[in-house]
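Summary of structural features
Here's the letter readout for the chains.
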Amino acid sequence: LPPGREKKSLYQEWQTRIMHYHYRKVVAANPCSEMSGFTRILASAGGRGDSLMDTIPTIVVEQAGSDQTRGFQVINRPWTIAQMVKTDAWRAMVPEDYVYIAETDHILLRDLPNRATPALNVAFFFPYMSAAPERQAAVVRRYYQGDHRDVQP
């Protein structure tokens, strides 16, 4: 591997390429698709870009440090979104009113209609990211002194 490249990043790059390929395939097969753009969010140490930026539209942000995640890397996901919406690139690259946010292992096989409205957001609950289950309670207590069930994931 080239210096500075870990196996994890190579796997992530592969997943990203596969996800982007399937997005392009679905949109090409559905010319009236509501899916109008694909923008990747890259959280990296130092906010450094990578080789995929040449082929996939990307917004780069600084990843949350270990002082913030304390080993619970899932915290980096909401941190990354919060950092992204503060960038100039956010509005320049993402003009849509509604966005679909997915992990790179979520592969689109069919056109995804927009079911959101100004009065209704649409989301899927991932309990392993929740602060409420007792397993995650210890992590939440590192950052929050109250009852861990009061914290909204």
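Scoring rules and cut-offs
Per chain, the residues get numbers from 1 upward, laid out in the order the sequence is written. In view of the model being predicted, local features appear only for residues whose pLDDT reaches at least 70, and side-chain atom pairs are presented and counted only at 80 or more, with totals across whole chains, interfaces and linings using the full set of residues. Side-chain measures were taken over the full set of non-hydrogen atoms in the model, leaving aside hydrogen atoms and water. Runs of H or I in DSSP of at least four residues are treated as helices and runs of E of at least two as strands, each being numbered from the N terminus. For every residue, the accessible area obtained with a 1.4 Å probe (protein chains only) is divided by the maximum for its type, and the residue is called buried under 20%, exposed over 50%, and partly exposed between those limits. A contact between two residues is defined here by any heavy atoms of the two lying within 4.5 Å. Under the convention used here, a 1.4 Å probe and the Shrake-Rupley method define accessible areas, while residue burial counts only the protein chains that appear. Among buried residues, the Ala, Val, Leu, Ile, Met, Phe, Trp, Tyr and Cys ones that are joined through side-chain atoms within 4.5 Å form a nonpolar core. Basic side-chain nitrogens of Lys or Arg form a salt bridge, by our definition, when they fall within 4 Å of a carboxyl oxygen of Asp or Glu. Paired strands, in this sense, are two strands between which DSSP finds at least two bridges. Each aromatic pair joins two rings of Phe, Tyr and Trp (for Trp, the six-membered one) with centres within 6.5 Å, and gets the label stacked for planes under 30 degrees apart, edge-to-face for over 60, and tilted for any other angle.

**Re the overall build of the protein chain**
A count of helices and strands for the protein chain gives five helices and two strands. Reading the protein chain from its N terminus to its C terminus gives the helix and strand order α-β-β-α-α-α-α. Here the protein chain holds 153 residues, and 25% of them are scored as buried. Long-range pairs, those at least 24 residues apart, make up 42% of the contacts in the protein chain with a sequence separation of at least 6. When the accessible area of the protein chain is evaluated, it comes to approximately 11000 Å², of which 56% is carbon and sulfur surface.

**Let's talk about the side chain of Ser 44**
Relative to the elements of secondary structure, Ser 44 occurs in strand S1 (residues 40-44). The residues touching Ser 44, leaving out its near neighbours within four places in the chain, are Val 60, Val 61, Glu 62 and Gln 63.

**Focus on the nonpolar core**
Counting seven residues, the largest nonpolar core is built from Met 19, Tyr 23, Val 26, Met 35, Phe 38, Ile 56 and Leu 108. When sequence neighbours within four positions are dropped, the list of residues in contact with Tyr 23 reads Met 35, Ser 36, Gly 37, Phe 38 and Leu 108. Core analysis: the second largest hydrophobic core is formed by five residues, Ile 59, Val 61, Trp 90 and Val 94 among them.

**Remarks on the pattern of salt bridges**
Tallied over the full model, the rule gives two salt bridges. The shortest N-O distance in the salt bridge between Arg 40 and Asp 50 comes to 2.6 Å. Here Arg 40 is found in strand S1, whereas its partner Asp 50 is found in the loop between S1 and strand S2 (58-62), with 10 residues between them in sequence. For Asp 50, a relative accessible area of 23% corresponds to the partly exposed category. A salt bridge links Arg 77 to Glu 103; the shortest N-O distance between them is 2.7 Å. Separated by 26 residues along the polypeptide, Arg 77 in helix H3 (residues 76-84) and Glu 103 in the loop between helix H4 (88-93) and helix H5 (134-143) bring together distant segments of the chain.

**A look at the environment of Trp 90**
Mapped onto the secondary structure, Trp 90 falls in helix H4. Placed 49 residues apart in sequence, Trp 90 and Ile 41 show a C-alpha to C-alpha distance of 9.8 Å. Setting aside residues no more than four positions away along its own chain, Trp 90 makes contact with Ile 59, Met 84, Val 85 and Val 99.

**With respect to the environment of Val 27**
Relative to the helices and strands, Val 27 is located in helix H1 (residues 7-29). Given the relative accessible area of 23%, Val 27 is considered partly exposed. Between the C-alpha atom of Val 27 and that of Leu 112, which follows or precedes it by 85 residues, the distance is 9.5 Å. Excluding residues within four positions of it along the chain, Val 27 makes contact with Ser 33 and Met 35.

**Some remarks on the pairing of S1**
Residues of S1 alternate between two faces, with Arg 40, Leu 42 and Ser 44 buried on one and Ile 41 and Ala 43 left unburied on the opposite face. Sheet analysis places S1 next to S2, joined by five bridges and oriented parallel. Bridge pairing in S2 links Arg 40 to Thr 58.

**Thoughts on the packing of aromatic side chains**
Applying the stated criterion across every chain yields a total of two aromatic pairs. When the centroid spacing of 5.1 Å and the interplanar angle of 45 degrees are considered together, the rings of Tyr 23 and Phe 38 count as tilted. One end of the pair, Tyr 23, is in helix H1; the other, Phe 38, is in the loop between H1 and S1, with 15 residues separating them in the sequence. Like Tyr 23, the residue Phe 38 is buried in the burial classification.

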